[in-house]
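Coordinate inspection notes
Given next are the chains, with one letter for each unit.
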Amino acid sequence: MSRRADAMRPRVTARARISLCLSAAAVVVIAGVVAVGAATARQERTTAKVSSPTFASACGTRPVTLQGYFESGFPDITDLTTAFTKQYPSVKWKVREDPFATITQDAPLTLGGPNPPDLMRLPTISSLVKDRLLKNLDPYFQEYGWKSFPASQLAQLRTSPTGVGVGTGPLYAMGINYSLTGVFYNKALAAKIGMKVPQTLAQLDAILAKAKAAGITPIEQFDGGATGGLLFPLQQLMADYGSASQIDNWVFDRPGATIDTPANLQATEHLQQWIKAGYFNPDANAVLYPQMMSNFEAGKALLIFDGDWESGNFDAHMPGQVGFFLMPALKAGGPQAAMSAPLTYGIAAGAKHADCTAFFLNWVATNPTARKINVEVGGSNPGGPATLPIPKVKPGSTTSQTLAAGAIAAKDNGDMGFIANANGSIYAEAWTPNVQKLFAGQETPQAVLSSVQAAYKAAGS
Amino acid sequence: MSHTTMTSRRDHRAGRLAMGSRALVPRARAARLHGWLFLSPALAAYGLFVLWPLITSLRYSLYSWDGVTAARWVGLDNYRTVFSDSALLSVLGHAFQLIIYFSLIPVTLGLIVAAVMRRVVVGRLGTVARTVLFLPQVVPLVAAGIAWNWVLSSNGAVNQILSAIGLGGITRAWLGDFTYALPAVGVIGVWVLLGFCTVLLLVGMSKIDPVLYEAAQLDGAGPIKEFLNITLPSLRQEIGVCVTVTVIAALSAFDIVFIATSGGPGDATMVPGLEIYQLAFYNREVGLASALAVVLMLLVLVCVLPIQWFVNRGDVRA
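Residues numbered from 1 in each chain as written. Chains lettered and ligands numbered in written order. Predicted model: local features only at pLDDT ≥ 70, side-chain atom pairs only at ≥ 80, totals over all residues. Heavy atoms only, no water.

1. Things to note about the overall build of chain A
Each helix and strand counted, chain A has 20 helices and 11 strands in total. Taken over 461 residues, chain A has a buried fraction of 52%. For chain A, the proportion of contacts with a sequence separation of at least 24, taken over those separated by at least 6, is 75%. Carbon together with sulfur atoms contributes 59% to the accessible area of chain A, which is approximately 20100 Å² in total. (Helix = DSSP H or I, 4+ residues; strand = E, 2+ residues; numbered from the N terminus. Buried < 20%, exposed > 50% of the residue type's maximum accessible area, 1.4 Å probe, protein only. Contact = heavy atoms within 4.5 Å. Areas by Shrake-Rupley, 256 points an atom, 1.4 Å probe, with all protein chains shown as cover.)

2. Details of the pairing of strand 10 (residues 338–347) of chain A
All names here are of chain A. In terms of residue burial, strand 10 counts as a mostly covered element, since 10 of its 10 residues are buried. Sheet topology note: the strand 3 (residues 119–121)/strand 10 ladder contains 3 bridges and is antiparallel. Bridge pairing in strand 10 places arginine 121 opposite tyrosine 345. In this structure, strand 6 (residues 174–186) lies alongside strand 10, joined through 5 bridges in antiparallel fashion. If you follow methionine 174 over to strand 10, its bridge partner there is tyrosine 345. (Pairing = 2+ DSSP bridges.)

3. Remarks on the interface of chain B and chain A
Each partner contributes to the interface: chain B provides 30 residues, whereas chain A provides 30 residues. Here chain B meets chain A over a buried area of about 2500 Å², counting both sides, of which 54% is carbon and sulfur. Where chain B packs against chain A, one counts 2 salt bridges. Between lysine 437 of chain A and aspartate 267 of chain B there is a salt bridge, with the nearest N and O atoms lying 3.6 Å from each other. At the boundary of chain B and chain A, one finds 5 residue pairs in polar contact (both at pLDDT 80 or more). For the side of chain B that touches chain A, the elements supplying multiple residues, two or more each, are helix 1 (2–60) and helix 12 (272–281) of chain B. Sorting elements by how many residues they give to the side of chain B that touches chain A places helix 12 of chain B first, with 4 residues. (Buried area = accessible area lost by both parts, 1.4 Å probe. Salt bridge = Lys/Arg side-chain N within 4 Å of Asp/Glu carboxyl O. Polar contact = N/O pair within 3.5 Å; in protein donor to acceptor, adjacent residues only side chain to side chain.)

4. Considering the packing of helix 13 (residues 262–276) of chain A against helix 20 (residues 445–460) of chain A
A pair of packed helices is characterised by two quantities: the angle between their axes and the separation of those axes. Residues and elements named next belong to chain A. Here helix 13 crosses helix 20 at 130 degrees, and the two axes come no closer than 8 Å. Judged by the inter-axis angle, helix 13 sits oblique to helix 20. Relative to helix 20, the crossing made by helix 13 is right-handed. Touching Asn264, Leu265, Thr268, Glu269 and Gln272 of helix 13 are Pro445, Gln446 and Leu449, all from helix 20. (Axes fitted to C-alpha atoms, helices over the stretch in contact; angles between N-to-C directions. Parallel < 35°, antiparallel > 145°, perpendicular 65-115°, else oblique. Left-handed = near helix turned anticlockwise from the far one by under 90°.)

5. Some details on the state of the cysteines
Residue and element names in this part refer to chain A. Summed over the entire model, instances satisfying the criterion amount to 1 disulfide over all chains. One disulfide bridge connects cysteine 59 with cysteine 356, the sulfur atoms lying 2.0 Å from each other. Judged by the torsion about the S-S bond (90 degrees), the cysteine 59/cysteine 356 disulfide is right-handed. Here cysteine 59 is found in helix 3 (residues 55–59), whereas its partner cysteine 356 is found in helix 16 (residues 354–366), with 297 residues between them in sequence. Assigned by exposure class, cysteine 59 and cysteine 356 land together as buried. (Disulfide = S-S within 2.5 Å.)

6. Points about the environment of serine 243 of chain A
All names here are of chain A. By the element assignment, serine 243 lies in the loop between helix 11 (231–241) and helix 12 (244–251). Taking the relative accessible area as the measure of exposure, serine 243 reaches 22% and is therefore partly exposed. Between the C-alpha atom of serine 243 and that of glutamine 336, which follows or precedes it by 93 residues, the distance is 9.3 Å. Within the structure, serine 243 has its side chain in polar contact with the backbone nitrogen of glutamine 246 (distance 3.2 Å).

7. A look at unusual backbone geometry
With an omega dihedral of -5 degrees, the bond running from glycine 264 of chain B to proline 265 of chain B counts as a cis peptide bond. Residue placement: proline 265 of chain B occurs in the loop between helix 11 (255–260) and helix 12. Even without being glycine, arginine 132 of chain A reaches a positive phi, approximately 55 degrees.

8. Topic: the nonpolar core
The biggest cluster of nonpolar side chains holds 74 residues, and the ones touching the most others in it are Trp250, Trp274, Leu302, Leu303, Ile419 and Trp431 of chain A. Tryptophan 250 of chain A has contacts with Ala257, Thr258, Ile259, Ile419, Ala422, Ile426, Trp431, Val452, Gln453 and Tyr456 of chain A, leaving out every residue within four places of it along the chain. Membership of the second largest hydrophobic core comes to 67 residues, among which are Ile99, Val192, Met205 and Val294 of chain B. (Core = buried A, V, L, I, M, F, W, Y, C linked by side-chain atoms within 4.5 Å.)

9. Regarding the packing of helix 5 (residues 141–151) of chain B against helix 7 (residues 181–206) of chain B
Residue and element names in this part refer to chain B. Interhelical geometry of helix 5 versus helix 7 gives an angle of 135 degrees and a closest axis separation of 11 Å. Taken as axis vectors, helix 5 and helix 7 run oblique relative to one another. With respect to the hand of their crossing, helix 5 and helix 7 are arranged in right-handed fashion. Together, Leu141, Ala144 and Trp148 of helix 5 and Val187, Ile188, Trp191 and Val192 of helix 7 make up the contact between the two elements. Residues that form the contact of helix 5 with helix 7 fall into these classes: 7 nonpolar, no polar and no charged. (Nonpolar A, V, L, I, M, F, W, Y, C, P; charged D, E, K, R; others polar.)

Encoded structure:
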């Protein structure tokens, strides 16, 4: 390890130094020749290539076992691997699953270990790229013609080779699908209070007040343990008072970006008003995500702020009972925003079957069966080439509403990254404790933003 | 003639004894070698899983390292951060608060429960009671943490009981409340460690000579005087073990806190074990995490060594 090399660097004599210099020069010359040769060969291959790699050229003709490290609780990726094996029986999968928090902490060690997975669900990519743990997917981008994908779809998956700044630079990951967040509502409870889908934030405020007056919990939200679920409504409010692009500047660490802005302060103060008015379940600081879902599905609350990954679940278990709307704008007709993120997967720099895994990623984005699985099971936009249609879903289903909402957010340029993903530690170390304190009335909105910005700066320094 | 015979016999015996003692030396050596041979697997495991990680942690604590790329020597900077960062110091404060719940209450309650069980709960009922009390030691702490999460949730068993007895006004989501989250975690600790302390103390009580109690009764001592003058002094060793084990459990708590609250809400239940984990695996500050781990180890020693000294001092006098 280089750390050890630093600590135990041997003393080098003058003669040895000259000899080393000569050897190094020879190595550089040879490496240069080899590199030029390889580059030329690659260029020729790229130029000569007229079509995407075939299955045989990517995965070979012999049986191959791909190793996957996936997030537990997401059946879409499991269904996709199963369908892939059905189409290509020579490919088997060896899959390990863990909760996202475990994946976040394990990612560097797993990817840098002696047996890295071929395909892995990823948290933020910057630090992994900085440590050279992820494969640069640009060659596959060229070979498979991923330039036909909308550029914005892949923007969050690009960073510089040093991991600084997200949005430009080589491609280091792909989205299995592309999810967005908004507000799910219980149709029966909505009917009880005569709720109509709100068009402005003021209308949403009125709905919350009405539900509260009717004895219905207006919003059920998870915010317990290590999960700062209050970030969902907070970021939606931030986009209302500010803009999606301002939030993206911060999430993607663009120069001068700060979370501590007057607009974000207004948003946090608005959230504080909701908390003080008792619009959230009073035990939010002790409620974890599964409990929130279970309470909402049991009809204990009118709304939840959540993502379209639950659409398939609602269609299966509460058909016709759950509606979805994008967070209403501050003023009527204003742009609507949504946290929109690829379900990010990357290939380890040391993956044994990188080519075959890239073939799988291309298959996921383009194959009709895969796209159908992504929509029906994942409940999300399958992404892929702009020319490919989104598989049809049952009209009136929750999935149909989230897909339609995605089109509105895209039209309004309202897609934004998640503020919890700005860096690897910001969610656990800064956002979660601070929004929990805000909920308990132990911290002011200004203090929340200042603390988070301080942690953001510390992590970047 | 007879003198000669006697002398030669004595010499012969002496010669045999001398030969025997010479033979004992290699035999003792062989015995010692066998001893080390038997000890070596345990020593190897101890060295590999305890000493080596300890040395490695000490070394890491002197570097700034993200766990993957090259490390940078920073000397004692990480230790300076541990002692100057107020957030890290408050985390150490939580560990000391946990001593009340993990150590003081289980040992005190354990003494009372064991004394009552020794006098009142005997026979098959006693066996059942001991088994039930010891059960939390057998249940995996992760499972226990999840179960307690439900029990202490807003509509969990605790709040249901409180509501049923007319105390609905004080119900709350205990693990999500800034004031009560740490005591609630402490209650889980009491549940886990009470059985251990009770069973250990019961075993200690069974070794006390019954004659002492008979003598005390003849002198007119009641149950409380018996307890204070006979039981308590006789259990010094067992109490020493209980306090040592539970104080270590309090200071190095991780699993219960991780499952029950993950350190939240806010930082209300953040403890050193969890902070070390977060620093190493979320913040990727392996050096700082190692420094905190070393400080925690020293803290445990500072707390436990005086207890051991106090307990063993009595033995030397005796």
